[in-house]
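# Examination of the molecular architecture
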Amino acid sequence: MTQLSLPDTIQACLFDLDGVVTRTAVVHAAAWKETFDAFLHDYEGEQGRPFDASADYDEYVDGRPRADGVRSFLASRGIRLPEGDPGDPPDARTVHGLGNRKNELLLEKIRTGGVEAYEGTLRYLEAVRAAGLRTAIVSSSANCRDVLRSVGAEHFFDVRIDGVVAAERSLPGKPHPDTFLAAARDLGVEASRAAVFEDALAGMDAGRAGGFGYVVGVDRVGQTDALYAHGADIVVKDLAELGGKQ
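Procedures and definitions
Residues numbered from 1 in each chain as written. Predicted model: local features only at pLDDT ≥ 70, side-chain atom pairs only at ≥ 80, totals over all residues. Heavy atoms only, no water. Helix = DSSP H or I, 4+ residues; strand = E, 2+ residues; numbered from the N terminus. Rg over C-alpha atoms; globule rule 2.2 N^0.38 Å. Buried < 20%, exposed > 50% of the residue type's maximum accessible area, 1.4 Å probe, protein only. Lys, Arg positive; Asp, Glu negative; His and termini not counted. Charge placed at Lys NZ, Arg CZ, Asp CG, Glu CD. Pairing = 2+ DSSP bridges. 1 Å grid on protein atoms, 1.4 Å probe; cavity = no way out; pocket = protein on both sides within 12 Å on 5 of 7 lines; lining within 4 Å. Points joined across faces, edges and corners; volume = space filled by probe spheres on them. Nonpolar A, V, L, I, M, F, W, Y, C, P; charged D, E, K, R; others polar. Disulfide = S-S within 2.5 Å.

## A few points about the overall build of the protein
Looking only at helices and strands, the protein has 10 helices and six strands in total. Computed over the C-alpha atoms, the radius of gyration of the protein is 18 Å, within 12% of the 18 Å expected from 2.2 N^0.38 for a compact globule of 246 residues. Across its three principal directions, the C-alpha atoms of the protein cover 55 × 35 × 30 Å. Burial status across the protein gives 54% buried among its 246 residues. The distance from the centre of the 27 positive side-chain charges to the centre of the 39 negative ones in the protein is 2 Å.

Dropping the structure here:
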């Protein structure tokens, strides 16, 4: 293992954004809850069971593209909506309408509350770069670039594969490995020589399915066992635990 706590064969590091680099997972969860609770109340009335910002978020939407998150959660409640169109207004009762409502709420929460980066991750990124490893940010968020710029972290990454790029290339999102595989290809590195850093169970599944050389689970919410069960090689609460002193 290197000073970065990575196998000697690793040449590139692929980082998820929300929950790994930035403290936005809780903001995403809040936006999803507000979106789904309003929809469920309207759709099912008073008997509608609210969205659980912990269990439902982790199981059905965390790490997935917005539309996939909508489909996954609604399916868990036996609800199926028309797909609609990506340009649907946020009040449309469609998959894309709900997704756009969530994004509208997310951006509002980011504007009013701001975004913070995890200092342990920023220090680790500095060490990764100093060691000469290639880096990529891999996120389902269409707001990835804006979020990175808001915390001054865009310069840490050689490649960005986010919701915008995935849509342009027709890449399925996590738990499929395609976005991570695309990042490795863009970096010119085989998957077996790339490490994945993820906090979402869907991201763990993507790392395992893609045959990556090392999968690091980042446990921000007390799901260490689940991260291991979904394919993590190691689980840490913060990337500072991996060292990285050069």
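## Structural notes on the pairing of strand β1 (residues 12-15)
What you see with β1 is no split at all: Ala-12 and Leu-14 on one side and Cys-13 and Phe-15 on the other are buried throughout. With four bridges connecting them, β1 and strand β2 (residues 134-138) associate as parallel partners. Among the inter-strand pairings, Ala-12 is bridged to a residue of β2, identified as Arg-134. Two strands pair when backbone bridges link them, and β1 and strand β4 (residues 194-198) are joined in this way by four bridges, in the parallel orientation. Opposite Cys-13, over in β4, you have Ala-195 as the bridge partner.

## Section: empty space enclosed by the protein
Taken as a whole and judged by the stated rule, the model has two cavities of 30 Å³ or more. Approximately 190 Å³ is the volume attributed to the largest cavity. Taken together, 21 residues make up the lining of the largest cavity; nearest its centre are Asp-18, His-28, Gly-63, Arg-64 and Ser-140. Elements with a minimum of two residues in the lining of the largest cavity: α1 (25-44), α2 (55-61) and α4 (95-113). The dominant element in the lining of the largest cavity, judged by the number of residues it contributes, is α4, at three residues. Of the residues belonging to the lining of the largest cavity, the class tally is six nonpolar, seven polar and eight charged. Among the residues making up the lining of the second largest cavity, the classes are represented as four nonpolar, four polar and one charged.

## Focus: the state of the cysteines
Using the criterion set out here, one finds zero disulfides in the structure. Not engaged in a disulfide, the cysteine Cys-13 finds its nearest cysteine sulfur in Cys-144; these two sulfurs lie 16 Å apart. Assessed through its relative accessible area of 0%, Cys-13 is described here as buried. Exposure remark for Cys-144: the relative accessible area of 0% places this residue in the buried category.

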